[in-house]
Amino acid sequence: MDNAAPPQHIAIIMDGNGRWAKKRGLPRTAGHAAGAESFRRIANYCRTLGVRYLTVYAFSTENWKRSADEVAGIMRLLGRYLREALADMEKNRVCFRFFGDLTKLSPELQKLCHDAESLSADYDVQVNFCLNYGGRDEIVRAASNFAADVAAGKYRPEELTEELLSQYMYSRDIPDPELIIRPSGELRTSNFLLWQSAYSEYVFMNVLWPDFSPQDLDQAIEEYHRRNRRFGGT
Ligand code: IPE
Ligand code: IPE
Ligand code: MG
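What counts and what doesn't
Residues numbered from 1 in each chain as written. Chains lettered and ligands numbered in written order. Predicted model: local features only at pLDDT ≥ 70, side-chain atom pairs only at ≥ 80, totals over all residues. Heavy atoms only, no water. Core = buried A, V, L, I, M, F, W, Y, C linked by side-chain atoms within 4.5 Å. Buried < 20%, exposed > 50% of the residue type's maximum accessible area, 1.4 Å probe, protein only. Helix = DSSP H or I, 4+ residues; strand = E, 2+ residues; numbered from the N terminus. Contact = heavy atoms within 4.5 Å. Axes fitted to C-alpha atoms, helices over the stretch in contact; angles between N-to-C directions. Parallel < 35°, antiparallel > 145°, perpendicular 65-115°, else oblique. Left-handed = near helix turned anticlockwise from the far one by under 90°. Near = heavy atom within 4 Å. Polar contact = N/O pair within 3.5 Å; in protein donor to acceptor, adjacent residues only side chain to side chain. 1 Å grid on protein atoms, 1.4 Å probe; cavity = no way out; pocket = protein on both sides within 12 Å on 5 of 7 lines; lining within 4 Å. Sits in = over half its atoms within 2 Å of the grid points. Nonpolar A, V, L, I, M, F, W, Y, C, P; charged D, E, K, R; others polar.

> Now, about the nonpolar core: what can you tell me, with residues and values included?
Among the nonpolar cores identified, the biggest contains 45 residues, and F39, L54 and F96 are the most heavily contacted of them. The dominant element in this core, judged by the number of residues it contributes, is helix α3 (residues 68-92), at nine residues. Not counting the four nearest positions on each side in its chain, L54 is found in contact with I10, I12, F39, A43, C46, V125, Q126, V127 and N128. Counting residues in each nonpolar core, the second largest holds 12 residues, with A11, I13, I174 and I180 among its members.

> Go over the packing of helix α2 (residues 28-49) against helix α7 (residues 214-226), please, and point to the residues and values.
Look at α2 against α7: their axes get within 10 Å of each other, and the N-to-C directions meet at 50°. By the angle between their directions, the pair α2 and α7 is classed as oblique. For the element pair α2 and α7, the recorded crossing hand is right-handed. Seen from α2, the contacting residues are R41, I42, Y45, C46 and L49; seen from α7, they are P214, L217, D218 and I221.

> Which residues make up the site of ligand 2, and what are the values?
Ligand 2 sits among I13, M14, D15, Y57, A58, F59, N63, R66, R182, R188 and S190. Residue R66 places a side-chain N or O atom 3.2 Å away from an oxygen atom belonging to ligand 2. In this structure, S190 approaches ligand 2 through a side-chain N or O atom, which is 2.6 Å from an oxygen atom. Here ligand 2 occupies the largest pocket. Top contributing element to the shell around ligand 2 by residue count: strand β2 (residues 53-60), with three residues. A per-class count over the shell around ligand 2 returns five nonpolar, two polar and four charged.

> Could you give me a rundown of the packing of α3 against helix α4 (residues 107-118), with the residues and numbers involved?
Each pair of packed helices can be summarised by the angle the axes make with each other and by the distance between the axes. The N-to-C vectors of α3 and α4 enclose an angle of 25°; their axes lie 10 Å apart at closest approach. For the element pair α3 / α4, the angle class is roughly parallel. Judged by the twist between their axes, the crossing of α3 over α4 is left-handed. Contact residues: M75, L78, G79, L82, R83, L86 and M89 in α3; L109, L112, C113, D115 and A116 in α4. Classifying every residue of the contact of α3 with α4 by side-chain character gives nine nonpolar, one polar and two charged.

Next up, the structure:
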């Protein structure tokens, strides 16, 4: 029954919080709060389904362009969310990894991220939280770190392979996502998982992230199962 098995790794661009709030005459931050609830619901549902890795795009390297108010609101919500998640980690059987340059975050938030990563409770789902994450930034960092290892005599340039460069990505040791979901109706990647998505199946949906339900996830997975994945073969 391998065909009915859920993907091992699902990635989601959690988009549409602002429009959700606007439709209700609420401030954008209220949309981000509702988006955090949606994430909680979907992470739990992934555990029920037996999905092993869930990678979510929470804040991009480009999202700093937003108003200082909105950025501060998002950071505040992230802090609150992580504190609650830390308290419930064992109960929820979830572990956290963070993809992105955390050094641009406040020291408090950085500490919460480090605490969440180092708490190695028994878990069913690994959540990769993309924070100040950009796909291009990730590739530049990988290239730069490889170059540093070459300079230090650890490798010769011609030893570089796709597998080796993968080991310099945030996603080292994690399989590529089979399925990437973007709610909100936008049809672009917005710099998400550029390296890892080479053969991912994309499902774009017309629902805003705060409204995204377990039924929507079921629907995306059904669509994924209808795809014919060829990986360049026949
Ligand atoms: C996604 O929702 C959350 C972040 C990018 C932080 P948006 O805030 O982008 O919502 P829309 O796209 O404006 O509706
Ligand atoms: C992508 O959404 C980033 C996150 C969901 C965190 P954006 O709302 O930032 O993307 P654009 O601006 O519509 O491309
Ligand atoms: Mg958006």
